[in-house]
Amino acid sequence: MEEFAAHKGTRFLDQLDIDAMSEFRNGWKDGALSASKKLERLRAFFRFAMKRKWITENPVIDLKAPRVSMKPTMPFTQEEMSRILEAVEIYCRETAANGRENACRLRAFVLLLRFSGMRISDVVNLTTERFVRNRLFLYTAKTGVPVHIIIPEFVLHAN
C-alpha cells in the first residue's frame, strides 16, 4: 500500500477514493482466495480508520470480492491407488536391507491415509492406543468432537 500511495502521490487516507482503491486491488497478483482475504483486511482497516474519525467514508466498502470457487479434494481413484501401492512395492523391494522393514511399513501408512481420511501429520503422530479393534478413536482438531473411524481389517494387518 505504501508503494502504491507513494506512486500516486497520496499522503493522507482521505485522499483514497473507491477508484484509487479499485486500482490498488487490481494490482494484486494473488489468487481469488488470497485476494479475498486481503480485501477483508483492507475493509477492516478502513472500518477502524472511520471509527477513529481519520476518514468520513470507507473507500473499499463497495469493492466486490473475487469469486472463490472451492474444489473439493477427492479421494484417489482405484487406478491411482493401484499405481501408488505398486510404487510402494517397488520401493520396498529396492530398498537396502537395513531399511527394508521401514520401507515396507510405507504400505500400511498409505492404506491408513486412504481409509482414515486423515492428514499425513496426523497419521505420523498416531499411536496404537487410538485403536480399539478396528475402530480408530480421535478428537477433531477444530471442535474437539470425538470421532470414530472404522478401519478395514486388511489395513490393520498391512505391513
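Since we're looking at a predicted model, the values are computed, not measured.

Draft legend 1. Examining the pairing of strand β2 (residues 135–139) more closely. Only one face of β2 is covered, namely the face carrying L136 and L138; the face carrying R135, F137 and Y139 is uncovered. Looking at chain direction, strand β1 (residues 131–132) and β2 are connected through two bridges and run antiparallel. Bridged to V132 within β2 is R135. Turn length for the β1-β2 hairpin, with the two strands adjacent in sequence and antiparallel, is two residues, and the turn residue R133 shows positive phi of about 55 degrees. Bridge analysis of β2 against strand β3 (residues 146–150) gives five bridges, and the strand direction is antiparallel. By the bridge assignment, L136 is partnered in β3 with I149. Taken together, β2 and the strand that follows it, β3, pair antiparallel across an intervening segment of six residues, in which G144 is found at a positive phi of about 75 degrees.

Draft legend 2. Representation of the pattern of salt bridges in the model. Following the criterion strictly, the structure yields seven salt bridges and no others. Between K8 and E23 there is a salt bridge, with its nearest N and O atoms 2.9 Å apart. In this pair, K8 sits in helix α1 (residues 2–8) while E23 sits in helix α2 (residues 18–26), placing the two residues 15 residues apart along the sequence. Given a relative accessible area of 39%, E23 falls into the partly exposed group.

Draft legend 3. Inspection of the state of the cysteines at higher detail. The full count for this structure, using the stated rule, is one disulfide. Disulfide pairing places C92 opposite C104 at an S-S distance of 1.7 Å. Of this pair, C92 sits in helix α4 (residues 78–94) while C104 sits in helix α5 (residues 100–116), and the two are 12 residues apart along the sequence.

Draft legend 4. Looking closely at the layout of surface pockets. Of the voids in this model, the largest pocket is the one considered here, and its volume is about 370 Å³. Taken together, 14 residues line the largest pocket, and the ones lying closest to its centre are M118, D122, L138, Y139 and T140. Considering only residue class, the lining of the largest pocket consists of seven nonpolar, four polar and three charged. What lines the second largest pocket is R105, A108, F109, L112, V123, L126, T127, T128, F131, V155, L156 and A158. Mapped by element, the contributors of at least two residues to the lining of the second largest pocket are α5 and α7 (153–156). Tallying contributions element by element places α5 first for the lining of the second largest pocket, with four residues. Of the residues in the lining of the second largest pocket, the class split is nine nonpolar, two polar and one charged.

Draft legend 5. The environment of W28, seen in detail. With respect to the helices and strands, the residue W28 is situated in the loop between α2 and α3 (32–51). In this structure W28 comes out as buried when scored by relative accessible area, which is 15%. Ignoring anything within four residues of it in the chain, the contact list for W28 reads A35, K38, L39 and L42.

Draft legend 6. Here's a closer look at the sheet that holds β3. In space, the three strands of this open sheet follow the order β1-β2-β3, with antiparallel pairing throughout. On the outer flanks of this sheet lie β1 and β3, each paired with one strand and no other.

Reading the values: rules and limits
- For every chain, the first residue of the written sequence is number 1, and numbering continues from 1 along that sequence.
- For this predicted model, a pLDDT threshold of at least 70 governs which residues receive local features, and a threshold of 80 or more governs which side-chain atom pairs are given and counted, while totals over whole chains, interfaces and linings are taken from all residues.
- Hydrogens and waters are ignored; side-chain quantities use all the structure's heavy atoms.
- For the exposure calls, accessible area comes from a 1.4 Å probe over protein chains only, and a residue counts as buried if that area is under 20% of its type's maximum, exposed if over 50%, partly exposed in between.
- Runs of H or I in DSSP of at least four residues are treated as helices and runs of E of at least two as strands, each being numbered from the N terminus.
- The rule for pairing is simple: two strands pair if DSSP sees at least two bridges between them.
- When a carboxyl oxygen of Asp or Glu is within 4 Å of a side-chain nitrogen of Lys or Arg, the pair counts as a salt bridge.
- Cysteine sulfur pairs qualify as disulfides if the two atoms are within 2.5 Å.
- Residues are said to line a cavity or pocket when one of their atoms sits within 4 Å of a point; the points come from a 1 Å grid over protein atoms alone, cavities being sets where a 1.4 Å probe fits but cannot get out and pockets being open sets with protein on both sides within 12 Å along at least five of seven lines.
- Grid points are joined across faces, edges and corners, and a volume is the space filled by probe spheres set on the points.
- Only Asp, Glu, Lys and Arg are considered charged, only Ala, Val, Leu, Ile, Met, Phe, Trp, Tyr, Cys and Pro nonpolar, and every remaining residue, Gly among them, polar.
- The criterion used for residue contact is that any of the two residues' heavy atoms lie within 4.5 Å.

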